[in-house]
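Structural features, examined
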Amino acid sequence: MSTGRSVGLIVCVLILSAVAVQADTWSITYWSNTIADQNLDFITDLTFEKFHYGYLGTLQSIELTLYGHVAGSMGYENQSQSEDPVDQISVGMNATMYLYRPGDIFPGDPPIVLTIPTITETTYNVPQYDGTPDYGGTSGHTYSGIDVTKSEYSTLTDGSDITLFSGLGTIDLSVDAQGTSFGSGGSNVIRFWDEDAGAWGKVKYTWEGEDIPEPATMTLFGLGLLGLGAWRRRRMAA
């Protein structure tokens, strides 16, 4: 075998090694922006990258994950002048977040409904008012440092969602965050709630086809083309 033919075969093998990829299932994940903690209730957008690798294969599914964070404090003050203690006083809060498709706020079913677990605190046999409305002392209490994070995900495979999330650029999904506060026990009890919430998300695209070319693979492909060109020029000169 001549040297020129050997070089040509080697170059062809390099090119085939660079571009021949078996059809398989691949995925890529993007994180959204973060909605900073703020007072409930609010409606704010999360921005996600779209799937812009349609040239590599067919998008099969979209996995959306919503993360919710609730922080704050709450408390009570028993202002009863009765010497009889209040049997029990409870305060609590929770939050629910809905993630909607563009333009679909409120109508239809949201892709994700995330409920932050209810936070409830109960105190038993609370003494009469101590004379100071500070949500502390002997007749009150403040629960501070409340900090809860939870996540929920949903997998979308409908054709309309595949189309919605495909293409160049980004897509905005609306987060509707709603808070609830509650309390029980004693008609002369005052309470307060300070509840903030934030959110962020991620999207995972899974497609069937080829993987995203790595820089090393593209370099190898380029070297192969250069080598093939040199071999062809040498062959023509001969």
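Let me begin by describing the structure that accompanies this report. (Residues numbered from 1 in each chain as written. Predicted model: local features only at pLDDT ≥ 70, side-chain atom pairs only at ≥ 80, totals over all residues. Heavy atoms only, no water.)

1. What about the overall build of the protein?
- Helix and strand counts for the protein come out as three helices and eight strands.
- The order of α-helices and β-strands along the protein, N terminus first, is α-β-β-β-β-β-β-α-β-β-α.
- When each of the 238 residues of the protein is scored for burial, the buried share is 36%.
- Contacts in the protein between residues at least 24 apart in sequence constitute 85% of all its contacts with a sequence separation of at least 6.
- Surface summary for the protein: the accessible area is close to 13,000 Å², and the carbon and sulfur share equals 52%. (Helix = DSSP H or I, 4+ residues; strand = E, 2+ residues; numbered from the N terminus. Buried < 20%, exposed > 50% of the residue type's maximum accessible area, 1.4 Å probe, protein only. Contact = heavy atoms within 4.5 Å. Areas by Shrake-Rupley, 256 points an atom, 1.4 Å probe, with all protein chains shown as cover.)

2. Quick notes on unusual backbone geometry
- Backbone torsion omega between Leu40 and Asp41 reads 5°, so that peptide bond is classified as cis.
- Among the structural elements, Asp41 can be located in the loop between strand E1 (24–39) and strand E2 (42–49).
- Non-glycine residue Asn125 carries a positive phi angle of around 55°.
- Within the secondary structure, Asn125 is located in strand E5 (residues 112–126).

3. As for the sheet that holds E2
- In spatial order, the strands read E2-E7-E4-E5; together these four strands make up an open sheet with antiparallel pairing. Here the strands that pair on one side only, and so sit at the sheet edges, are E2 and E5. Pairwise comparison of adjacent strand axes, ignoring direction, gives a mean angle of 20° for this sheet.
- Sheet analysis places strand E4 (residues 86–100) next to E5, joined by 12 bridges and oriented antiparallel. What sits directly across from Gly92, in E5, is Thr120. (Pairing = 2+ DSSP bridges. Axes fitted to C-alpha atoms, helices over the stretch in contact; angles between N-to-C directions.)

4. So, the pattern of salt bridges
- Inspection of the entire model under this criterion finds one salt bridge.
- For Arg101, the salt bridge identified is with Asp161, shortest N-O distance 2.8 Å. Here the residue Arg101 occupies a position in the loop between E4 and E5, and Asp161 occupies one in helix H2 (residues 159–164), the gap between them amounting to 60 residues.
- By relative accessible area, which is 22% here, Arg101 ends up partly exposed.
- The class for Asp161 is buried, based on a relative accessible area of 5%. (Salt bridge = Lys/Arg side-chain N within 4 Å of Asp/Glu carboxyl O.)

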